[in-house]
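# Commentary on secondary and tertiary structure
Now for the letters of each chain:
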Amino acid sequence: MFAPLVRRDQREKGSLYVRGLLLEGRRKSMQPMADRLGIDHQRLQQFMTSSTWPVEEVRARLAWRAVAAVRPQVWVVDDTGFPKDGISSPGVARQYSGTLGKVGNCQIGVSVHAASDTASCPLSWRLFLPAGWDNTPEAAARRKSCRIPDIEGHRPKWELALEMLDELEGIGLRPAVLVADTGYGANAGFRRGLEDRRLAYVLQVKGEMTVHGEEALPHQPAYGGLGPRPLPRYRMQPRSLRDHVSAYSPMCRAAYG
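Residues numbered from 1 in each chain as written. Predicted model: local features only at pLDDT ≥ 70, side-chain atom pairs only at ≥ 80, totals over all residues. Heavy atoms only, no water.

### What about the packing of helix α1 (residues 8-22) against helix α2 (residues 30-37)?
What counts here: Lines fitted to C-alpha atoms define the axes here, with helix axes fitted over just the stretch in contact, and angles between the N-to-C directions of these axes take values from 0 to 180 degrees. Only DSSP runs of H or I reaching four residues or more are called helices, and only runs of E reaching two or more are called strands; each is numbered from the N terminus. Should an angle fall under 35 degrees it is taken as roughly parallel, and over 145 as roughly antiparallel, whereas 65 to 115 is taken as roughly perpendicular and any remaining angle as oblique. We call two residues in contact whenever any of their non-hydrogen atoms come within 4.5 Å of each other. The nonpolar class holds Ala, Val, Leu, Ile, Met, Phe, Trp, Tyr, Cys and Pro. Asp, Glu, Lys and Arg form the charged class, and all remaining residues, Gly among them, are polar.
Relative orientation of the contacting elements α1 and α2 amounts to 95 degrees, with a least axis distance of 9 Å. Comparing their axes, α2 and α1 come out roughly perpendicular. Where α1 abuts α2, its residues L16, Y17, R19, G20 and L21 lie against M30, M33, R36 and L37. Of the residues assigned to the contact of α1 with α2, the class counts are six nonpolar, one polar and two charged.

### Notes on the environment of M33
We apply this condition: The buried label goes to any residue with under 20% of its type's maximum accessible area, the exposed label to any with over 50%, and the partly exposed label to all in between, with areas taken from a 1.4 Å probe on protein chains only.
Topologically, M33 is positioned in helix α2. Judged by its relative accessible area of 0%, M33 falls in the buried class. A C-alpha to C-alpha distance of 8.8 Å links M33 and L44, two positions 11 residues apart in sequence.

### Points about the packing of α2 against helix α3 (residues 41-49)
Defined as follows: By convention, the crossing between two helices is left-handed when the near helix turns anticlockwise from the far helix through less than a right angle, and right-handed when the turn is clockwise.
Where α2 contacts α3, the axes come no closer than 8 Å and their chain directions differ by 130 degrees. In terms of orientation, α2 and α3 fall into the oblique class. Helix-helix and strand crossings are classified by hand; for α2 and α3 the assignment is right-handed. Across from M30, Q31, M33, A34 and L37 in α2, the residues of α3 making contact are H41, L44, Q45 and M48. Tallied by class, residues from the contact of α2 with α3 come to six nonpolar, three polar and no charged.

Don't take any of this as a statement about function, it's just geometry.
Structure follows, in structure tokens:
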């Protein structure tokens, strides 16, 4: 896994770190893992926090191994919350967490998983930075403490997901079908990004969402000045969901079957 690293000591520390993650024990922070490995925790700490080594090639090898082991039927885009007690961890803020099922103090990680009926494994992941971590004196101090580069800032989760899909395609990996919940499916920018990349997908959407064929012509009724403005109307007869999906997207039609 760490073969691309040039320095022998980095390869050894990397192997120790992975062994520490795989050993039994609930806590996976440096000190407990080092205790189980019988080594000084500074060896792991230095490898993860201050040693400079390229993560891209290691991630690529991990992704290829995961695909070979899982044999995925789909890729899943999702985000996960990691509850935190303090405010010092990178990206921590009061925000909605699906893990908690409510708003709480947490970090959010966006990931792309390879999944089958029997297994799932992340192929890539990103830490979501809330808007509160940008452009304030308090944020600047927190960013410096967490060693967040100036080029990294708040971006929507769906943009992080598209970036990961591009990176995975860059190493030769592409999903047969991509699936995601309504947090991504209800976002037009994300759907358009999948269309532009010609990816087959099945996305959850909100119940009030409407879908029209490409040939539909929107018509905006005149506003009389009283009450709410009328919604646009379309010159088409309602059709079944399958027909809607087929008309809306050739790639989505392939995924829908």
